[in-house]
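Fold and contact review
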Amino acid sequence: MAEPAIQNDVSTVSVALGARIEGVDLASGYDEFTIRELRRLMLDHHLLVLPDQHLTALELEAFGRQWGDLLTHPATRHRDTPFVQFIGGRSRRFKFSPGVHPFGGGWHSDMTWHSTPPHITGLHAQQLPDAGGDTAFANQHLAYETLDNETKERIADLRAFHTGKVFGPDVEDSIHPVVRTHNESERKALYVNANFTKYICDMPADESERLLFKLFAHASRPEFVYRHQWALNDLVLWDNRSVMHYAIGDYEELRTMHRIVVQGDVPF
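Scope of this entry: the structure provided in the associated data block. Since the model is a prediction, treat every value here as computed from it, not as a measurement.

With respect to the overall build of the protein
- The secondary structure content of the protein amounts to five helices and 15 strands.
- Against the globule reference of 18 Å for 268 residues, the protein gives a C-alpha radius of gyration of 18 Å, in line with a compact fold.
- Within the protein, the proportion of its 268 residues that are buried is 54%.
- The long-range share in the protein, meaning contacts at least 24 apart out of those at least 6 apart in sequence, stands at 81%.
- Of the accessible surface of the protein, which amounts to about 12,500 Å², a share of 50% is contributed by carbon and sulfur atoms.

Side note on the pairing of strand 3 (residues 47–50)
- Neither face of strand 3 is exposed, since Leu 47 and Val 49 on one face and Leu 48 and Leu 50 on the opposite face are all buried.
- Bridge count between strand 2 (residues 19–21) and strand 3: two bridges; the pairing is parallel. If you follow Ala 19 over to strand 3, its bridge partner there is Leu 48.
- This β-α-β element, strand 2 to helix 1 (residues 32–45) to strand 3, shows right-handed connectivity.
- Pairing between strand 3 and strand 13 (residues 235–239): four bridges, direction antiparallel. Across the sheet, Leu 48 pairs through a bridge with Leu 237, a residue of strand 13.

Points about the sheet that holds strand 15 (residues 255–262)
- If you trace the seven strands from one edge of the open sheet to the other, you get 1-2-3-13-5-15-4, paired in mixed fashion. The strands lining the two open edges of the sheet, one partner per strand, are strand 1 (10–12) and strand 4 (85–89). Across the sheet, the mean angle from the axis of one strand to that of its neighbour is 20°, orientation sign disregarded.
- Contacting strand 5 (120–127), strand 13 and strand 15, helix 2 (residues 57–64) crosses the sheet at an angle of about 30° to strand 15.

A look at the pairing of strand 13
- Of all the five residues making up strand 13, five are buried; the element is thus mostly covered by neighbouring parts of the structure.
- A two-sided burial pattern is seen for strand 13, the buried positions comprising Leu 235, Leu 237 and Asp 239 on one face and Val 236 and Trp 238 on the other.
- Two strands pair when backbone bridges link them, and strand 5 and strand 13 are joined in this way by five bridges, in the antiparallel orientation. Bridge assignment links Leu 123 to a residue of strand 13, and that residue is Val 236.

Details of the packing of aromatic side chains
- Inspection of the entire model under this criterion finds eight aromatic pairs.
- Where Phe 63 meets Trp 67, the ring centres are 6.2 Å apart and the plane angle is 75°; that geometry is what we call edge-to-face.
- Take Trp 67: its relative accessible area is 6%, and that puts it in the buried class.
- Each ring, one from Phe 167 and one from Phe 196, has its centre 6.1 Å from the other, and the planes form 50°; the classification is tilted.

A look at unusual backbone geometry
- Despite not being glycine, Met 111 has its phi angle at roughly 55°, a positive value.
- Following the sequence through the fold, Met 111 ends up in the loop between strand 4 and strand 5.

Regarding the sheet that holds strand 11 (residues 197–200)
- Read across the sheet, three strands follow the order 8-7-11 without closing on themselves; strand pairing throughout is antiparallel. Two strands bound the open sheet, and with one partner strand each, they are strand 8 (173–177) and strand 11. Ignoring which end each strand starts from, the neighbouring axes of this sheet average 30° apart.
- Bridging between strand 7 (residues 159–163) and strand 11 involves three bridges; their strand directions are antiparallel. In the strand pairing of strand 11, Phe 161 is matched with Tyr 199.

Here's the deal with helix 5 (residues 205–219)
- An ideal rise of 1.5 Å per residue puts 21 Å on 15 residues; helix 5 measures up with 21 Å between its terminal C-alpha atoms.
- The set of residues buried in helix 5 consists of Ser 208, Leu 211, Leu 212, Leu 215, Phe 216, His 218 and Ala 219. Looking straight down helix 5, one finds its buried side chains confined to an arc of 165°; they lie on one side.
- Where helix 5 is buried, its residues meet strand 6 (135–139), helix 3 (140–145), helix 4 (149–155), strand 10 (188–190), strand 11 and strand 14 (243–247).

Considering the nonpolar core
- In terms of nonpolar packing, the biggest core is built from 25 residues, with Ile 155, Leu 190 and Leu 215 touching the most fellow members.
- Tallying contributions element by element places helix 5 first for this core, with five residues.
- Residue contacts for Ile 155: discarding those within four places in its chain leaves Leu 147, Val 178, Val 179, Leu 190, Leu 211 and Leu 215.
- Core analysis: the next-biggest nonpolar cluster, separate from the first, contains 23 residues, Ile 35, Leu 38, Leu 55 and Val 84 among them.

Scoring rules and cut-offs
Residues numbered from 1 in each chain as written. Predicted model: local features only at pLDDT ≥ 70, side-chain atom pairs only at ≥ 80, totals over all residues. Heavy atoms only, no water. Helix = DSSP H or I, 4+ residues; strand = E, 2+ residues; numbered from the N terminus. Rg over C-alpha atoms; globule rule 2.2 N^0.38 Å. Buried < 20%, exposed > 50% of the residue type's maximum accessible area, 1.4 Å probe, protein only. Contact = heavy atoms within 4.5 Å. Areas by Shrake-Rupley, 256 points an atom, 1.4 Å probe, with all protein chains shown as cover. Pairing = 2+ DSSP bridges. Right-handed = clockwise from strand over helix to strand, strands pointing away. Axes fitted to C-alpha atoms, helices over the stretch in contact; angles between N-to-C directions. Phe/Tyr/Trp six-rings, centres within 6.5 Å; stacked < 30°, edge-to-face > 60°. Expected span 1.5 Å × (residues − 1). Arc of directions from axis to C-beta. Core = buried A, V, L, I, M, F, W, Y, C linked by side-chain atoms within 4.5 Å.

Spatial relationships are all this shows, so hold off on functional conclusions.
And the structure:
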């Protein structure tokens, strides 16, 4: 008997990236075929929306481990497990943090300050404001591929310094390529962000600042972006090797999420 085809329930959510997958109930269980198909779809679309997933924090952790080892985060931890982050708050309206860069603050790939930053993030909606609280996602393969050839040549072998000290003095710093190669698809992507990338190595400070300003501005162009309007119990998974995101702070009511981050490899 042929295996069921998840692709029959898949629809694209934007031209730039993302697919919505109906008919998958992770709380009822999943098999190797389902995980394999989700992995394939992630490579094709870079972001997956799985609506109506009723998962406890421990069930979300178990699902995350199907993708690899999970990382903890120094700032937020769920009371039931350190491998699920509890992200919650209210009165976020017009608070542009933690990004402080004059352009692009808030856009980031998760934990790029880590020596092996996560390749997959999952965010599960627990409680939502009446309005606002969307998350925007930007395809960094498209960002790289649409750069002019001169800029591509200029940044081809550059490396940049990323810091996580915003989360505490003991959080590590790392140096990663400005252009990252996806270790599965082998596509190249921009890999700098306004939250954690502080400077380009072996470059004068003013030149580094100008180049990063240009790259930050280009990386979040509207043509590369999908904006997700959350529904309760949405589970959104995305590939940090190819996607940046921005949590839009335009709400006042309580908004809570559970998050998992799957450990990746050393970027190259």
